[in-house]
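What follows is the residue order along each chain.
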Amino acid sequence: MYSYYHSLIVLSFVPLITTLILNSGDPKNVLTTETIVRKHGYPFEKHTVQTEDGYILEIHRIPNLKSSQVAFLMHCLLCSSSDWVVSGKKNSLAYILHRAGYDVWLGNARGNTYSLNHTKYNPRGQFADKYWDFSWHEIGFIDLPTMLDYVQQKTGVTQMRYFAHSQGTANFFVLTSLKPQYNKIFKSAHLLAPIAFLNNSFNIFLKVGGNIVGRSEVIQTLLGSNEFRPSRKLQELVGSILCTDFSRDRVLCDNAFFLVAGFTNETCNHDIIPEVMASSPAGSSLNQVLHFVQEFVSGHFRQYDHGLEGNMQTYGSSEPPDYPLANINVPMFFYHGKADNFATVKDVLRLSKKLKTLVGRFESPIANFDHLAHMFSPNLAEKIHKYIMRDIALIN
Ligand SMILES: *[C@@H]1O[C@H](CO)[C@@H](O)[C@H](O)[C@H]1NC(C)=O
Ligand SMILES: *[C@@H]1O[C@H](CO)[C@@H](O)[C@H](O)[C@H]1NC(C)=O
Ligand SMILES: *[C@@H]1O[C@H](CO)[C@@H](O)[C@H](O)[C@H]1NC(C)=O
């Protein structure tokens, strides 16, 4: 067992590092959220907001102008607003909420395809390192409240419902724990594959990354503030090493998105693969990935680890502070799967025990339900969304 695991690590090490360092990909998101939403026959609006630190974010809206019920949806790592609509009319959560009368707003985090503009820094230019110097902490601490304030101001509502997948749930925990005044704007939160604690993860990238971070400060420095944008050729190379078992679904193996998250037959929905491939991955920073790796290694849910000196400067302590989960008092619901290698059942249960206002937890009975199945599984309306709609009705 050890030698198998060991050789897997060694095998993955070289292409992973090459991928991260060369990092010279071309964005290939040919299918935009707007195109998809309009193709499905729904109205679409594009809004922009500027954060206090200069990032210009695009918020997408599937408007229900007469409605006073607002839904805000926040995407995962390497994802964007498009992931809430790629599953088609029947199975996409954004449309299900719209048909239920919601005014639907889709967030886009800094660094994704739609939120690449900045007042001072060009993400592909001279100050690219300054642009990419953020993690999912900043997305939760700055982007999320900026977008939510805007939505409140635009719609005039005092309360809304929050829906998120994976990183979008971590963003929510960051916001509501560190800026508790935001708790009151959420009527309820519906969190898919919730992420906070990660130390039981069996995701291969976290394991490999954890090994690297644990062993070498040099590589951590190399991975520092930069864009996570693996090149096409290197994705194919890593894919050919890690994905030999899935020859039928080779196309997925060559996509960084699926490489990072892994997939089972629940994720691999042949009806929507062309749309998913044309709109993913959507871009992120290396620090986002690294911050998750840090949580995997430490077993904490805490702020970014800058190393001893950096931590003293930033936090005044040798270790980064934990996010104070006790501050959260939004009625929350979890939805998760047994085969999820990021939001593992163990870590989700540990998180559940730390939250005083978790109202319900739905663990999918489907054995292969994995991380990305929450977004791409066939027949999602039946598998997950019907439980979300049931839970919404509980909290008025
Ligand atoms: C980026 O933002 C600046 C404002 O800082 C604006 O002038 C410019 O038009 C924006 N560029 C794009 C491509 O939206
Ligand atoms: C994860 O962290 C928790 C809390 O420190 C600990 O109880 C548990 O044993 C850890 N699990 C693993 C697999 O390290
Ligand atoms: C995936 O495979 C399992 C058997 O291994 C099967 O029970 C399940 O229905 C399959 N799921 C899909 C979506 O095809």
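Worth saying up front: this structure is predicted, and the values here are computed from it rather than measured.

S.K.: Looking at this structure, how should I read the site of ligand 2?
M.R.: What surrounds ligand 2 is the set N199, N200 and R350. N199 is positioned such that a nitrogen or oxygen atom in its side chain is 2.3 Å from an oxygen atom of ligand 2. R350 has a polar side-chain atom sitting 3.3 Å from an oxygen atom of ligand 2. If ligand 2 stood free it would expose 360 Å²; the protein chains cover 37% of that surface.

S.K.: Please clarify how the state of the cysteines should be interpreted in this entry.
M.R.: When the sulfur atoms of two cysteines share a covalent bond, that bond is a disulfide. One pass over the structure, following the stated rule, counts one disulfide. Disulfide partner of C76: C79, at an S-S distance of 1.8 Å. Between C76 and C79 the disulfide shows an S-S torsion of about -50°. By sign, it is left-handed. For the pair formed by C76 and C79, the shared burial category is buried.

S.K.: Can you help me understand the nonpolar core in this one?
M.R.: One broad rule of soluble globular proteins: the nonpolar side chains tend to lie buried together. Counting residues in hydrophobic clusters, the biggest one holds 57 residues, and the most contacted among them are F72, M74, Y162, F172, F173, L191 and F301. Of all hydrophobic cores here, the second largest spans 34 residues; its members include L73, F333, F369 and M375.

S.K.: I tried to follow the packing of helix α6 (residues 136-155) against helix α14 (residues 286-298) on my own but got confused; where do I start?
M.R.: Direction vectors running N to C along α6 and α14 enclose 105°, while the axes themselves pass 8 Å from each other. Between α6 and α14, the interaxial angle falls into the category roughly perpendicular. Residue-level contacts link W136, H137 and I139 of α6 to Q288, H291, F292 and E295 of α14.

S.K.: Help me out: how do you make sense of the environment of G310 in this one?
M.R.: Along the chain, G310 falls in helix α15 (residues 307-315). Judged by its relative accessible area of 17%, G310 falls in the buried class. Residues G310 and P320, spaced 10 residues apart in sequence, show a C-alpha to C-alpha distance of 9.6 Å.

S.K.: What exactly am I supposed to notice about the pairing of strand β11 (residues 358-363) here?
M.R.: Put simply, side chains in a regular strand alternate between the two faces of the sheet. Bridge count for strand β10 (residues 332-336) against β11 is five bridges, and the pairing is parallel. Bridge pairing in β11 links H336 to E363. One crossover worth recording links β10 to the parallel β11 by way of helix α16 (residues 345-354), and it is right-handed.

S.K.: Please explain the side chain of D83 as it appears in this structure.
M.R.: Within the fold, D83 resides in the loop between β3 (70-74) and α3 (88-91). With relative accessibility at 3%, the residue D83 sits in the buried group. Polar side-chain contacts of D83 include one of 2.9 Å to the backbone nitrogen of S80.

S.K.: Please clarify how the packing of aromatic side chains should be interpreted in this entry.
M.R.: The relative placement of two aromatic rings is captured by the distance of their centres and the angle of their planes. Across all of its chains, the model carries 20 aromatic pairs by this definition. Ring geometry for Y55 against F134: centres 5.8 Å apart, planes inclined by 80°, an arrangement best described as edge-to-face. Placement of Y55 in strand β2 (residues 55-62) and of F134 in the loop between α5 (128-131) and α6 is noted, with a sequence separation of 79 residues between them. In this structure Y55 comes out as buried when scored by relative accessible area, which is 4%. You can call F134 buried: its relative accessible area is 1%. Measuring from centroid to centroid gives 4.6 Å for F301 and Y323, while their planes differ by 40°, and the two rings are tilted. Of this pair, F301 sits in the loop between α14 and α15 while Y323 sits in the loop between α15 and β10, placing them 22 residues apart in sequence.

About the cut-offs
Along each chain, residue indices are assigned from 1 in the same order as the chain's sequence is written. All chains are assigned letters beginning at A, and all ligands numbers beginning at 1, according to the order in which they are written. Owing to the predicted nature of the model, reporting of local features is limited to residues with pLDDT of at least 70; listing and counting of side-chain atom pairs is limited to 80 or more, with chain, interface and lining totals taken over all residues. No hydrogens and no water enter the side-chain calculation; it runs on all heavy atoms of the structure. In these notes, residues near a molecule or strand are those with any non-hydrogen atom within 4 Å of it. Here a polar contact means two N or O atoms within 3.5 Å. Within protein one must be a hydrogen donor candidate and the other an acceptor candidate, and residues neighboring in sequence count only if both atoms are side-chain atoms. Residue-level accessible areas treat just the shown protein chains as cover; the underlying method is Shrake-Rupley with a 1.4 Å probe. Note on disulfides: each one is a pair of cysteine sulfur atoms within 2.5 Å. The rule is simple: take the accessible area with a 1.4 Å probe, protein chains only, and divide by the maximum for that residue type; under 20% is buried, over 50% is exposed, in between is partly exposed. We call a set of buried residues a nonpolar core when its members are Ala, Val, Leu, Ile, Met, Phe, Trp, Tyr or Cys and they connect through side-chain atoms within 4.5 Å of each other. Interaxial angle, 0 to 180 degrees, is taken between N-to-C directions of lines fitted to C-alpha atoms, where a helix line uses only the stretch in contact. Strands are runs of DSSP state E lasting at least 2 residues, helices are runs of H or I lasting at least 4, and numbering of each runs from the N terminus. Angles below 35 degrees are treated as roughly parallel, those above 145 as roughly antiparallel, those between 65 and 115 as roughly perpendicular, and all remaining angles as oblique. Whether two residues are in contact is decided by their heavy atoms, any of which lying within 4.5 Å being enough. Here, strands pair whenever DSSP counts at least two bridges between them. Orient the strands so they point away from the viewer; a crossover is then right-handed if the path from the first strand over the helix to the second runs clockwise. Pairing of aromatic side chains here covers Phe, Tyr and the six-membered ring of Trp, requires ring centres within 6.5 Å, and sorts the geometry by plane angle: under 30 degrees stacked, over 60 edge-to-face, intermediate tilted.

Geometric values such as these leave the question of function open.
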